[in-house]
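For reference, the chains in residue letters:
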Amino acid sequence: MRAEIRAFVVEQLTDMNYDVEGIDDDATLGPAGVDLESLALADLAVRVEDQYGLTFAEEESEKLALMTVGEFTTMVANRVAGAPGDQS
Amino acid sequence: MSVVITGMGLYTPLGRGVEATFEALCTGRSGLARPPADHPAAGSLEVAGLLPAIDPRSVSSGPDTRVLDRIVLLALLTAADALADAGVEVGRDVAAERAAVIVGGVGGLSTLETQVLTRAARGRAGVSPYLLTGVLPNMPSARIAIRHGIRGYSSSVGTACASGVQAVADAVRLLQTGEADVVLCGASEAPLFPTFADTFGNARALARGWADPTAASRPFDLRRNGFVLAEGAALLVLENAAHAAARGATGYAEIAGYGVTTDAYHPTAPRPDGTGAAESIRRALAGGRVPVAEVGYVNAHGTGTTLGDIAETTALTEVFGANGVPVSSTKALTGHLLGASGVLETAATALALGRGLLPPTWNLDDPDPACPADHIRKEPRATETGYALTNSFGFGGQNVSLLLARATRPPT
């Protein structure tokens, strides 16, 4: 499931015109990594929420920029599996 | 203080650029066609003025590219063309704070329509958080400012089909008051989508029933039965004449005066007696301190609607007398690009003055006796006139007239 979610996230970033070829799990979503700006983070969050039937709390959304691709993928996978998400 | 047009960016159904545009206007090459079957508005429009598809990724990049309306894409393309044509680079030829941009138009309603439909189908997840950054009416000017580093005055104008020339009039004022040295101004329109096409169609405003799409737009002709909807953008670089001269630019023509009035009569219909239009023409002449008899050409708003064409010729007769000035409407070939029309026509008028050749109203086979004028038809007419006028009128009773002078006019 985690692999599928990661593939979905990469697919969405590509659709949003971000260059994510060869991106690794350690890249942060925000500046210094994939470099998603605030609206782009919101866009990605809405796409993931819609795909997996999740809702990110406001405080979660605010932290997305600091998360890595790997952390974000794990959080979504945990939430989908019904486990508590990584909200650190 | 004189204001000159030093650059033109034209991307319209007639093609891209100054030469393609003027060649079409003088040879009668129409930009109108039947929309292809796979065009979104094919079921709504019998004929239209269409441009080729534009891949947004060829014009812009980033996560908002998907919702960039065609008005923004066309504005970015023509802005680059206009600045290149003028030989102006912001920061090199004009200080960023002394450069301004004003772009009119109805806004990116096509993308809004698409997002409304997506939301209806998919719920809130169908709506891009970037939507407004691609469709707001100020986005053409804002995006141009971002791309070219224009940091002075910027604005959008929303006076319907008069918005482009009103942007030009506003630009003249900015230059005359010394608020800017260079202003990029005009309009960008992309109205060829079903909701917009259907409202005009249902209002019976569109030309219909023409087997030959190039015959559908026929301003002042007895058989005219509406206008043809078209898309495109037209932007001009306007410059303080002294600023232009200092860098060796002579320009296409001078904008010698402008007039802006309001009918205060009806949301769509013009005043039948044309008094609002007549007054905007008089103000333009007064602004340029040019007597009526000196004006040798009027590029009419002339859309091909029954009422509009009559009201305009009535206004022209009121100001210039019976058959007092040569008149043509270039919309026979271009269709009606809404706010962008008037800027395209300002460009056409400037080129006509500069080249001494007045484009005719094509398709004007049988002039309507209710639209009496010295119609230029069938072929271009040579001229030595130094002054010409162009009119644009918009829903809401918006009237704007611009007076142009040949670039070589002696100083006043």
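Here the structure is a predicted model, which is why all the values come from computation and not from measurement.

Engineer: Looking at this model, I keep getting lost on the nonpolar core. Mind explaining?
Structural biologist: Buried together is how nonpolar side chains tend to be arranged in soluble globular proteins. All names here are of chain B. Formed by 45 residues in total, the largest nonpolar core has its most connected members in Ile5, Met8, Val183, Cys185, Leu236 and Leu238. Composition of this core by domain shows at least three residues from each of domain 1 (3-246) and domain 2 (258-406). Once you skip the residues sitting within four places of it in the chain, Met8 turns out to touch Val18, Asp81, Ala82, Asp85, Leu235, Leu236, Tyr252, Ala347, Ala350 and Leu351. In this structure, Tyr11, Leu68, Leu83 and Val88 belong to the second largest nonpolar core, which totals 33 residues.

Engineer: I'm lost on a nonpolar patch on the surface in this one. Help?
Structural biologist: Taken together, the side chains of Leu109, Leu112 and Val116 of chain B define a hydrophobic patch exposed on the protein surface, amounting to about 220 Å² of accessible area. Relative to the helices and strands, Leu112 of chain B is located in helix 3 (residues 109-122).

Engineer: Please clarify how the environment of Val3 of chain B should be interpreted in this entry.
Structural biologist: Residues and elements named next belong to chain B. Note on placement: Val3 falls in strand 1 (residues 3-12). Considered as a pair, Val3 and Val228 are 225 residues apart in the sequence and their alpha carbons are 32 Å apart. Residues contacting Val3, with those up to four places away along its chain left out, are Val172, Leu175, Gln176, Leu238, Glu239, Ala253, Glu254 and Ile255.

Engineer: Teacher, can you tell me more about the pairing of strand 8 (residues 232-240) of chain B here?
Structural biologist: In regular strands, side chains alternate between the two faces of the sheet. Residue and element names in this part refer to chain B. Counted residue by residue, strand 8 has nine buried out of nine residues, so it is predominantly covered. Side-chain alternation along strand 8 places Gly232, Ala234, Leu236, Leu238 and Asn240 on one buried face and Ala233, Leu235, Val237 and Glu239 on a second face that is also buried. Alignment of strand 1 against strand 8, held across eight bridges, turns out to be antiparallel. Of the residues in strand 8, the one forming a bridge with Tyr11 is Ala233. Two elements, strand 7 (residues 182-189) and strand 8, share eight bridges in a ladder whose sense is antiparallel. The residue of strand 8 that forms the bridge with Ala187 is Ala234.

Engineer: Which parts of the structure should I look at to understand the side chain of Thr390 of chain B?
Structural biologist: Residue and element names in this part refer to chain B. One can find Thr390 in strand 15 (residues 387-394). Given the relative accessible area of 1%, Thr390 is considered buried. In this structure the side chain of Thr390 is engaged in a polar contact, spanning 3.2 Å, whose partner is the backbone oxygen of Asn299.

Engineer: What am I meant to see in the pattern of salt bridges here?
Structural biologist: Residue and element names in this part refer to chain B. By the definition in use, this model includes 30 salt bridges over all chains. With a closest N to O distance of 2.8 Å, Arg143 and Asp64 form a salt bridge. Within this pair, whereas Arg143 is found in helix 5 (residues 139-148), its partner Asp64 is found in the loop between strand 4 (48-49) and helix 2 (70-86), the two being separated by 79 residues in sequence. No difference in accessibility class separates Arg143 from Asp64, as the two residues are buried.

Engineer: Even after reading the chapter, I still don't get the packing of helix 1 (residues 2-15) of chain A against helix 2 (residues 38-52) of chain A, so can you show me in this structure?
Structural biologist: The relative placement of two packed helices is expressed as an angle between their axes plus a distance between the axes. Residue and element names in this part refer to chain A. Orientation of helix 1 relative to helix 2, taken along the N-to-C sense of each, is 135°, at an axis distance of 11 Å. In terms of orientation, helix 1 lies oblique with respect to helix 2. The handedness of the crossing between helix 1 and helix 2 is right-handed. Contacts from Glu4, Ile5, Phe8, Val9, Gln12, Leu13 and Asp15 of helix 1 reach helix 2 at Leu44, Arg47, Val48, Gln51 and Tyr52. For the contact of helix 1 with helix 2, the class distribution of residues is seven nonpolar, two polar and three charged.

Reading guide: rules and limits
Residues numbered from 1 in each chain as written. Chains lettered and ligands numbered in written order. Predicted model: local features only at pLDDT ≥ 70, side-chain atom pairs only at ≥ 80, totals over all residues. Heavy atoms only, no water. Core = buried A, V, L, I, M, F, W, Y, C linked by side-chain atoms within 4.5 Å. Buried < 20%, exposed > 50% of the residue type's maximum accessible area, 1.4 Å probe, protein only. Domains from an automatic or database assignment. Contact = heavy atoms within 4.5 Å. Patch = residues over 30% accessible without salt bridge, like charges linked within 9 Å, V, L, I, M, F, W, Y side chains within 5 Å. Areas by Shrake-Rupley, 256 points an atom, 1.4 Å probe, with all protein chains shown as cover. Salt bridge = Lys/Arg side-chain N within 4 Å of Asp/Glu carboxyl O. Helix = DSSP H or I, 4+ residues; strand = E, 2+ residues; numbered from the N terminus. Pairing = 2+ DSSP bridges. Polar contact = N/O pair within 3.5 Å; in protein donor to acceptor, adjacent residues only side chain to side chain. Axes fitted to C-alpha atoms, helices over the stretch in contact; angles between N-to-C directions. Parallel < 35°, antiparallel > 145°, perpendicular 65-115°, else oblique. Left-handed = near helix turned anticlockwise from the far one by under 90°. Nonpolar A, V, L, I, M, F, W, Y, C, P; charged D, E, K, R; others polar.

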